[in-house]
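# Chain and residue survey
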Amino acid sequence: MMNMDLSAVIEEMETGDQDSALTALQSYNKQMNQCFTFNRDEQKDREEGKLQKHLGELVLGFLDRELQPSCLLACLETVRILSRDKNCLDPFTNQFAMSTLARYASIAVDSATTPAHSQSVDGQEEDAGGDEEETGQCSKVLKESSPASENPDQEVIVEALKSICNILLHNETGQMVAADLQLIKGVAERLKQCHDPTWNYEVRFFDLRLTFLLTALRVDVRAQLAQELHGVSLLGNHLEATLGLCCSGTLETARAGFEGIPTEELPPLSRQQTELAMEILKILFNITFDINRRKVDEEEAAVYRHLGAILRHCLMSHADGEERTEEFHSHTVNLLGNLPLPCLDVLLMPKVQQGSIEYMGVNMDAVNMLLKFMEKRLDRGHKLKETLLPSLNLLTESARIHRETRKFLRSKVLPPLRDVKNRPEVGSTLRNKMVRLMTHIDTDVKDCAAEFLFVLCKESVSRFIKYTGYGNAAGLLAARGLLRGGKDPGIYSEDEDSETEEYREAKAQINPITGVVEEEQPNPMEGMTEEQKEYEAMKLVHMFDKLSRNRLIQPMQLGMDGTMTEMTTEDLHKLASKPLLQSEDPPNLDSEDEN
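### Some thoughts on unusual backbone geometry
- Phi at Lys383 takes a positive value of approximately 45°, unusual for a residue other than glycine.
- Following the sequence through the fold, Lys383 ends up in the loop between helix H16 (365-380) and helix H17 (384-387).
- Although it is not a glycine, Glu459 adopts a positive phi angle of roughly 55°.
- Residue placement: Glu459 occurs in the loop between helix H21 (443-456) and helix H22 (461-468).
- A relative accessible area of 5% places Glu459 in the buried class.

Written out as structure tokens, the structure reads:
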């Protein structure tokens with residue numbers, strides 16, 4: 001839009017005539033509808049920025065008047081377009097502007113001030129938001145798959161919601177004003193109407209998007225929704241309604257009209273269902289991210305178990321396309337990781353049906369789905385910290401507290417050991433992939449992979465070394481003070497001996513450091529006299545001492561408590577005075593029963 005054109009629009013607006021303003025705004029909106037970037041040179045930027053701000057002020061003045069429906073909609077469309085530019089938001093971030101937009105979005109807490117030409121709806125809900133690219137995409141989805149709204153005011157509501165979302169996305173002052181105006185209360189009221197067919201897809205979507213932005217950007221709003229407005233229960237019911245679920249008293253969910261049909265055989269969720277569900281999952285993640293760090297009472301636990309049952313259904317459901325399904329499952333897994341650990345038993349509650357994966361009499365469909373999801377992310381190898389760890393941590397904690405889950409996962413990840421010729425990190429099995437992660441450059445990834453395998457081994461050092469090799473296991477064992485062997489305290493069941501014939505035959509020849517049978521190597525000291533051996537040992541000690549003094553390395557020694565401690569110069573000299581001192585025996589791999 002050229003400056004002269006923008007100036008012409010402003011001229012028409014300044015006349016105060018609705019018809020003139022309508023014509024000018026419609027022309028401006030049509031030209032700028034697909035403009036999402038504002039990269040102009042500095043001089044033009046200042047000039048056009050001033051004009052845009054002035055236009056915004058004029059439009060807000062119109063919105064404070066009684067307007068024809070077409071002029072009202074054109075004004076809101078202009079606000080939506082102007083609010084895309086984060087450098088021109090000044091007219092829209094004050095309390096008057098935000099409250100005006102909230103009234104047109106029908107989420108103002110004081111509904112008595114709603115303009116006459118905007119339908120007042122008691123009890124309307126949460127907010128939506130997002131940048132304009134997403135706004136455009138969502139509009140496209142609606143046009144392709146939603147019938148025209150029977151309520152013309154819903155178009156007004158959507159435009160106002162989009163504008164508020166743009167403002168929140170780009171401006172901290174706008175976020176503060178939205179919190180002060182208690183917009184979350186207004187949008188929460190509408191979310192309660194999740195079974196009301198009045199509201200079309202776009203209103204529902206942008207209600208949720210606005211709620212997501214508020215909970216992501218404002219800690220106080222996040223707490224308000226979670227506690228005062230009972231957000232977990234509210235959004236859990238909304239998710240249940242969006243997916244069309246009916247939940248029995250046994251916490252087993254089924255899609256209405258498809259009772260008795262296994263979840264994996266259900267038709268895929270529609271694009272609109274998936275979009276709404278993912279927004280709900282993101283909001284729930286925001287308001288529950290710290291729940292598993294504190295104890296919950298019985299009433300809260302019941303709410304989270306109900307939510308867990310719905311999330312199990314999400315995990316077993318499919319969207320329209322593999323990419324969308326994976327995104328849907330990713331949000332589901334992220335939220336499952338926030339739930340209190342005792343509530344995760346709902347993943348195992350459904351009865352075993354024909355086609356289900358059964359283990360120890362328990363339905364393992366959900367756990368198997370989590371394992372496949374995790375392995376898919378692992379194979380992709382992209383941003384493992386962000387993509388892999390949520391599912392890996394979830395599996396680890398589930399295995400820690402549920403015996404059946406642990407034993408099932410162990411059968412898949414650490415089956416009875418038969419391959420004693422190849423190193424644990426070499427190969428294409430899931431065990432090989434996980435052991436490779438134990439030496440990953442990212443510390444968080446490395447630690448989580450080791451923790452997962454350690455839990456599957458019932459935190460038994462000997463068993464852990466058997467499956468990973470002492471070299472790969474050393475990092476976790478050092479951190480736990482277990483380098484001398486032993487077992488971490490934990491509540492684990494006794495398991496049957498699963499030692500294979502191949503392993504039993506090769507056990508004596510296995511190198512505990514690498515975890516495999518290695519060819520016998522020649523003794524480098526063969527043929528040396530005792531004096532020569534002592535000379536070489538002293539030489540090695542002095543080399544370590546020199547490197548240590550120059551701070552190139554820090555020699556360490558294993559303390560009596562199983563932890564690593566620094567070796568001082570005095571320690572090195574003591575070692576030099578006893579060069580033939582025998583080293584500690586390696587951990588005894590036979591000290592624990594096999595699982």
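### So, the environment of Lys185
- Counting through the fold element by element, Lys185 comes out in helix H9 (residues 183-191).
- Owing to a relative accessible area of 30%, Lys185 belongs among the partly exposed residues under this scheme.

### Some remarks on the packing of helix H18 (residues 389-401) against helix H19 (residues 403-413)
- Where H18 contacts H19, the axes come no closer than 5 Å and their chain directions differ by 120°. Taken together, the axes of H18 and H19 are oblique relative to one another. The two elements H18 and H19 meet at a crossing, and its hand is left-handed. Residues Leu395, Ser398, Ala399 and Ile401 of H18 lie in contact with H19, whose contacting residues are Arg403, Thr405, Arg406 and Leu409.
- Split into classes, the residues belonging to the contact of H18 with H19 amount to four nonpolar, two polar and two charged.

### Remarks on a negative patch on the surface
- A cluster of acidic residues, Glu11, Glu12, Glu14, Asp17 and Asp19, forms a negative patch on the protein surface.
- The element that contributes the greatest number of residues to the negative patch is helix H1 (residues 3-14), accounting for three residues.
- Position of Asp17 among the secondary structure elements: in the loop between H1 and helix H2 (18-32).
- Residue classification places Asp17 among the partly exposed positions, given a relative accessible area of 34%.

### Considerations on the side chain of Arg312
- Here Arg312 shows up in helix H14 (residues 298-316).
- In this structure Arg312 is buried but unpaired, with Asp365 as the nearest side chain of opposite charge at 4.4 Å.
- In terms of polar contacts, Arg312 uses its side chain to reach the backbone carbonyl oxygen of Leu347, at 3.3 Å.
- Excluding anything up to four places from it in sequence, Arg312 contacts Val346, Leu347, Pro350, Asn363, Asp365 and Ala366.

### A look at a nonpolar patch on the surface
- On the surface, Leu540, Met543, Phe544, Leu547, Leu552 and Ile553 cluster together to form a nonpolar patch covering roughly 540 Å² of accessible area.
- For Ile553, the position within the fold is in the loop between helix H25 (530-549) and strand E7 (556-558).

### A short note on the side chain of Gln175
- Here Gln175 lies in helix H8 (residues 172-180).
- Apart from residues lying up to four places away in sequence, Gln175 is in contact with Leu168, Leu217 and Arg218.

### Here's the deal with the pattern of salt bridges
- On inspection of all chains with the given rule, the structure shows 24 salt bridges.
- Note that Glu228 and Lys185 form a salt bridge whose closest N and O atoms lie 3.4 Å from each other. Linking Glu228 in helix H11 (residues 219-228) with Lys185 in helix H9, this pair joins segments that are 43 residues apart in sequence.
- For the salt bridge of Glu397 with Arg400, the shortest nitrogen-to-oxygen distance reads 3.3 Å. Pair noted here: Glu397 and Arg400 are both in helix H18, with a separation of three residues, about one helical turn.
- Here Glu397 falls in the partly exposed class, since its relative accessible area comes to 24%.
- Put simply, Glu397, Arg400, Glu451, Glu459 and Arg480 are held in one network by salt bridges that share partners.

Calculation notes
- Residues numbered from 1 in each chain as written.
- Predicted model: local features only at pLDDT ≥ 70, side-chain atom pairs only at ≥ 80, totals over all residues.
- Heavy atoms only, no water.
- Helix = DSSP H or I, 4+ residues; strand = E, 2+ residues; numbered from the N terminus.
- Buried < 20%, exposed > 50% of the residue type's maximum accessible area, 1.4 Å probe, protein only.
- Axes fitted to C-alpha atoms, helices over the stretch in contact; angles between N-to-C directions.
- Parallel < 35°, antiparallel > 145°, perpendicular 65-115°, else oblique.
- Left-handed = near helix turned anticlockwise from the far one by under 90°.
- Contact = heavy atoms within 4.5 Å.
- Nonpolar A, V, L, I, M, F, W, Y, C, P; charged D, E, K, R; others polar.
- Patch = residues over 30% accessible without salt bridge, like charges linked within 9 Å, V, L, I, M, F, W, Y side chains within 5 Å.
- Areas by Shrake-Rupley, 256 points an atom, 1.4 Å probe, with all protein chains shown as cover.
- Salt bridge = Lys/Arg side-chain N within 4 Å of Asp/Glu carboxyl O.
- Lys, Arg positive; Asp, Glu negative; His and termini not counted.
- Charge placed at Lys NZ, Arg CZ, Asp CG, Glu CD.
- Polar contact = N/O pair within 3.5 Å; in protein donor to acceptor, adjacent residues only side chain to side chain.

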